Each structure stands twice: as structure tokens, then as C-alpha cells.
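Okay, here's what each chain looks like letter by letter:
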Amino acid sequence: MDAMHPYERLSLFTVGLILGFALIAVHVFMLARPQLVQGFLKSFPRNAMLGQILLGLGLAWFWLLVAPASMGTLGALAMDLGEFNNAKPLLRILIPITMILVVISVRDFLAVRALGVLGLLAAAPLLESAFLKDPATRLLVPIYAYGLLTASLFWVGMPYLFRDAVNWVTAESKRWNAMVIAGLAYGVALVICALAFWRGY
């Protein structure tokens with residue numbers, strides 16, 4: 001197996017552009033269709049089907065991180081767990097079982113918990129893309145990643161906080177607009193920095 005993990009090959013320039021344009025697209029839509037987005041966010045915590053889909057994606061992603069390297073393309077994301085490498089075979093069995101048990105037994109806020117799982121997994125490639133890179137502006141990516149990590153931990157452990165945050169930010173149009181504009185500005189800043197400073201990184 002190649003010593004360099006696929007996450008380590010990620011370009012700061014590419015990740016910055018993808019993240020920046022994604023934030024811009026999402027927040028422009030939030031500005032254009034506030035009622036639609038607010039309605040979705042309010043109903044999201046109780047959306048069991050979407051929760052099952054997101055959880056399936058999250059656990060499949062995690063399974064790929066412990067998959068046998070001999071599986072070729074499917075094993076490309078396999079990570080070296082150091083002292084815990086011997087636990088990989090057990091994890092490959094426990095992950096599907098865990099997914100089934102969670103889907104059956106956890107009904108409340110499953111979608112929020114699943115979103116938190118995806119957030120925890122997504123932070124790793126973001127952090128890796130900026131690791132030991134020279135431009136000081138690279139910190140925009142880790143700052144976002146650590147914010148995502150923090151929020152995801154709360155979503156997994158205290159998912160009702162997602163509902164409370166949505167209720168608070170949607171209570172007044174000023175709060176909503178301020179949040180959306182801040183996210184949009186962050187996306188614009190990422191794109192500008194990627195184009196101006198992150199080429200070649």
C-alpha cells in the first residue's frame with residue numbers, strides 16, 4: 001500500500017475552492033429561498049429517512065477507513081491506526097451491526113446525530129489539506145474544520161441543540177440574514193485566498 005494516504009494528497013488550492021464555492025452556493029440559496037430552507041431545517045431533526053441515509057453514508061465512509069488494503073479501490077482510504085490496527089477486523093464487523101442497531105433503536109434526532117458523524121469525518125481531509133502549508137491564510141480552512149468538529153460533537157451527543165439553534169436563528173429575519181451573509185462572506189474569502197495565495201499548495 002502507498003505510504004501516502006489520499007487525504008495527504010489533497011491540494012489546499014482545490015479544497016479551498018471546493019469548500020468556498022460550496023459555501024457560496026448554499027448561502028446564496030439560503031438568501032434567495034429563506035422560507036424553504038428554514039422549513040427544511042426545522043423539520044430536519046425529525047426526518048427519520050434522511051437520518052438513515054446520512055448515517056449509512058457516515059458509517060460507510062468510516063468502514064472504508066478500516067477496510068482491508070487488499071480490496072484495491074475500496075481499500076484506498078484505509079488508514080494506519082497504529083497500535084489499534086489489530087482492531088480493524090473487529091471494526092469491519094461492528095460498523096454494519098452498529099448502523100443497524102442505531103437505525104432500529106434511535107428515533108429521536110437521528111438525522112442530527114448522523115450529520116454530526118459526517119461532520120467529524122469531513123473535518124479530517126480539510127485539516128490535512130492545510131497541514132504544514134506556508135500561506136498564513138490557510139488557517140481559514142482549519143478554523144472552519146475545527147468549528148465543524150465542535151458543532152459535530154454537540155450534534156452527536158446533544159442533538160437537541162441543533163433544533164434550539166435553528167429556532168433561535170430563524171426567530172428574527174435579522175439573525176437569519178446576518179448568519180447567511182457571514183457564511184457567504186466566509187466562502188468568498190476562501191475562494192479569493194485560494195486564487196490569490198494557495199496555487200501550488
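(A) Geometry of the overall build of the chain. In terms of regular secondary structure, the chain is built from eight helices and zero strands. Written out in order from the N terminus, the α and β elements of the chain read α-α-α-α-α-α-α-α. Judged by the C-alpha coordinates and their principal axes, the chain covers about 50 × 50 × 25 Å. Within the chain, the fraction of its 201 residues that count as buried is 34%.

(B) Just the pattern of salt bridges, in detail. A complete count under the given rule lists three salt bridges for this structure. Ionic pairing is found between Asp-108 and Arg-46, a salt bridge with its closest N-O pair at 3.1 Å. Residue Asp-108 is found in the loop between helix H4 (88-105) and helix H5 (110-130), and its partner Arg-46 is found in the loop between helix H2 (34-43) and helix H3 (48-65); the two are separated by 62 residues along the sequence. When its relative accessible area of 53% is taken as the criterion, Arg-46 is described as exposed. Between Arg-163 and Asp-164 there is a salt bridge, and its shortest N-O distance comes to 3.1 Å. Judged by its relative accessible area of 34%, Asp-164 is partly exposed.

(C) Region of interest: a nonpolar patch on the surface. A cluster of nonpolar side chains, Leu-90, Ile-93, Leu-94, Ile-97 and Leu-101, forms an exposed patch at the surface whose accessible area comes to about 460 Å². For Leu-101, the position within the fold is in helix H4.

(D) Examining the nonpolar core more closely. Judged by nonpolar contacts, the single largest core of 22 residues is most densely connected at Leu-41, Phe-44, Leu-55, Val-112, Phe-162 and Trp-176. Counting residues per element, this core draws most heavily on H5, at five residues. If we ignore the near neighbours within four places in the chain, the residues touching Leu-41 are Phe-162, Val-166 and Trp-176. Within the second largest apolar cluster, 20 residues are counted, among which are Phe-13, Leu-19, Leu-126 and Ala-145.

(E) Looking closely at H4. Across its 18 residues, H4 extends 25 Å between first and last C-alpha, which sits within 8% of the 26 Å expected from 1.5 Å per residue. Roughly 25 degrees is the biggest bend found in H4, and it falls at Leu-94, with proline Pro-96 one to four residues downstream. Looking at the buried residues of H4, the elements they touch are H3.

(F) Looking closely at the side chain of Gln-38. With respect to the helices and strands, Gln-38 occurs in helix H2. Its relative accessible area of 17% is what places Gln-38 among the buried residues. Apart from the residues lying within four places of it in its own chain, the contact partners of Gln-38 are Thr-170 and Trp-176.

(G) Broad picture of the packing of aromatic side chains. Enumeration over the complete set of coordinates arrives at four aromatic pairs. An angle of 50 degrees between the planes, with centres 5.6 Å apart, marks the rings of Phe-44 and Phe-162 as tilted. Note that Phe-44 is positioned in the loop between H2 and H3 and Phe-162 in helix H7 (residues 160-170), a separation of 118 residues in sequence. Taken together through their ring pairs, the aromatic side chains of Phe-40, Phe-44, Trp-155 and Phe-162 make up a single cluster. In this structure, Arg-46 packs its charged tip against the face of Phe-109, placed 4.5 Å from the ring centre.

(H) Quick look at the side chain of His-27. Tracing the chain through its elements places His-27 in helix H1 (residues 12-32). Taking relative accessible area as the criterion, His-27 reaches 10% and is therefore assigned buried. Looking at His-27, its side chain comes within polar contact range of the main-chain oxygen of Leu-23, at 2.7 Å. Those residues in contact with His-27 that sit more than four places away from it in its chain are Met-179, Val-180, Gly-183 and Leu-184.

What counts and how
Residues numbered from 1 in each chain as written. Predicted model: local features only at pLDDT ≥ 70, side-chain atom pairs only at ≥ 80, totals over all residues. Heavy atoms only, no water. Helix = DSSP H or I, 4+ residues; strand = E, 2+ residues; numbered from the N terminus. Buried < 20%, exposed > 50% of the residue type's maximum accessible area, 1.4 Å probe, protein only. Salt bridge = Lys/Arg side-chain N within 4 Å of Asp/Glu carboxyl O. Patch = residues over 30% accessible without salt bridge, like charges linked within 9 Å, V, L, I, M, F, W, Y side chains within 5 Å. Areas by Shrake-Rupley, 256 points an atom, 1.4 Å probe, with all protein chains shown as cover. Core = buried A, V, L, I, M, F, W, Y, C linked by side-chain atoms within 4.5 Å. Contact = heavy atoms within 4.5 Å. Expected span 1.5 Å × (residues − 1). Bend = angle between axes of the 7 residues up to and from the residue. Phe/Tyr/Trp six-rings, centres within 6.5 Å; stacked < 30°, edge-to-face > 60°. Lys NZ or Arg CZ within 6 Å of the ring centre and 35° of its normal. Polar contact = N/O pair within 3.5 Å; in protein donor to acceptor, adjacent residues only side chain to side chain.

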